[in-house]
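Coordinate analysis (summary)
Chain by chain, the residues:
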Amino acid sequence: MMALLLDQQFAPLPDTNEIATKTFLESVSHLPPFFDCLGSKVFAPIKADINGNITKIKAVYDSDPVKYETLQQILLIEKSTYGSEWPKVGATLALMWLKRGLRFIQILLQSLADGERDEQNPNLIRMNITKAYDQALKKYHGWIVQKVFKAALFAAPCRSDFLKALSKDQEVAEEDCLAKICQFLINFTTTVDAIYEMYSIMNAELDYLV
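Residues numbered from 1 in each chain as written. Predicted model: local features only at pLDDT ≥ 70, side-chain atom pairs only at ≥ 80, totals over all residues. Heavy atoms only, no water.

Under an unreviewed UniProt entry, the name given to the chain is Glycolipid transfer protein, and the source organism is Carassius auratus. What the UniProt record of the chain gives under Function (unreviewed entry) is the line "Accelerates the intermembrane transfer of various glycolipids. Catalyzes the transfer of various glycosphingolipids between membranes but does not catalyze the transfer of phospholipids. May be involved in the intracellular translocation of glucosylceramides." Its UniProt record gives the chain a comment under Sequence similarities (unreviewed entry), which states: "Belongs to the GLTP family." (UniProt positions renumbered as here; feature names shortened; annotations may be inferred.)

Next up on the list: the environment of P33. Relative to the helices and strands, P33 is located in the loop between α2 (21-28) and α3 (44-63). Among the residues examined, P33 registers a relative accessible area of 25% and is labelled partly exposed. A sequence separation of 133 residues divides P33 from L166, and the C-alpha atoms of the two residues are 9.5 Å apart. (Helix = DSSP H or I, 4+ residues; strand = E, 2+ residues; numbered from the N terminus. Buried < 20%, exposed > 50% of the residue type's maximum accessible area, 1.4 Å probe, protein only.)

Turning our eyes to something else, we now look at the environment of D176. Relative to the helices and strands, D176 resides in helix α9 (residues 174-201). Sequence separation of D176 and Q135 is 41 residues, and the distance between their C-alpha atoms is 27 Å.

On the surface, W143, I144 and V148 cluster together into a nonpolar patch covering about 350 Å² of accessible area. Tracing the backbone shows W143 in helix α7 (residues 143-154). (Patch = residues over 30% accessible without salt bridge, like charges linked within 9 Å, V, L, I, M, F, W, Y side chains within 5 Å. Areas by Shrake-Rupley, 256 points an atom, 1.4 Å probe, with all protein chains shown as cover. Salt bridge = Lys/Arg side-chain N within 4 Å of Asp/Glu carboxyl O.)

Unfilled space is identified by rolling a water-sized probe across the atoms. A volume near 270 Å³ is recorded for the largest pocket. Taken together, the elements giving at least two residues each to the lining of the largest pocket come down to α3, α5 (90-113) and α7. (1 Å grid on protein atoms, 1.4 Å probe; cavity = no way out; pocket = protein on both sides within 12 Å on 5 of 7 lines; lining within 4 Å. Points joined across faces, edges and corners; volume = space filled by probe spheres on them.)

Below, the discussion takes up the nonpolar core. Residues F24, L38, L95, F104 and I129 are the most contacted members of the largest nonpolar core, which totals 67 residues. Counting only elements with at least two residues in this core, the list comes to α2, α3, α4 (71-82), α5, α6 (126-136), α7, α8 (159-166) and α9. Contacts of L95, omitting those with residues within four sequence positions, involve F24, I57, L71, L75, I195, M198 and Y199. (Core = buried A, V, L, I, M, F, W, Y, C linked by side-chain atoms within 4.5 Å. Contact = heavy atoms within 4.5 Å.)

Bringing the packing of aromatic side chains into the picture now. Here a ring pair, both rings aromatic, is described through the centre-centre distance and the interplanar angle of the planes. The final tally for this structure, using the stated rule, is eleven aromatic pairs. When the centroid spacing of 5.6 Å and the interplanar angle of 90° are considered together, the rings of F43 and F149 count as edge-to-face. Residue F43 is located in the loop between α2 and α3, and its partner F149 is located in helix α7; the two are separated by 106 residues in the primary sequence. Note on accessibility: F43 and F149 belong to one class, buried. Look at F104 and F149: their rings are 6.1 Å apart centre to centre, the planes differ by 85°, and that puts the pair in the edge-to-face class. Here F104, found in helix α5, pairs with F149, found in helix α7; they are 45 residues apart in sequence, far enough to count as distant. Overall, the relative accessible area of 0% leaves F104 in the buried class. (Phe/Tyr/Trp six-rings, centres within 6.5 Å; stacked < 30°, edge-to-face > 60°.)

Written out as structure tokens, the structure reads:
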């Protein structure tokens, strides 16, 4: 998956921060296997959610690639099309949830790259996963979903196994793997930040629970 991650670097953004839909969808389609590296079937719903949201955005884009050339255009056009139903509708809603899954991946990888670890259990990544979950997803989850997630934490792989899975089970030195993560994070973080900023500017963010 790491090889995949790195084969599919996210594109740098132009000064306008406009995100080309086609390139974004191509890059993001390589991310769902990330959740397989977490080892637990409990992460399968997040993976399925990300896949489902990518499919919804792609369907809108494919219906008119010129009209929906950027993610910004998708939100603007859907806002005028759906009226009062917007933003809880269409590709706008799919991207709202997708960005949260992307933020989860981003915070988890950043935490590992920064060397954050539990001194008591230095080879566990529970702390890193918890940080990512708490910041990216927890506030949108009701208590049942939160309980499911807590269970997933105990099934999380140890740090070395996770990094090995990210490197597609090749014997890669840990510092090389972390260097690759840092490289991947540059454009990925810029992209995720730009999507969040777009939702903020357009007042398209919703806080309802699932």
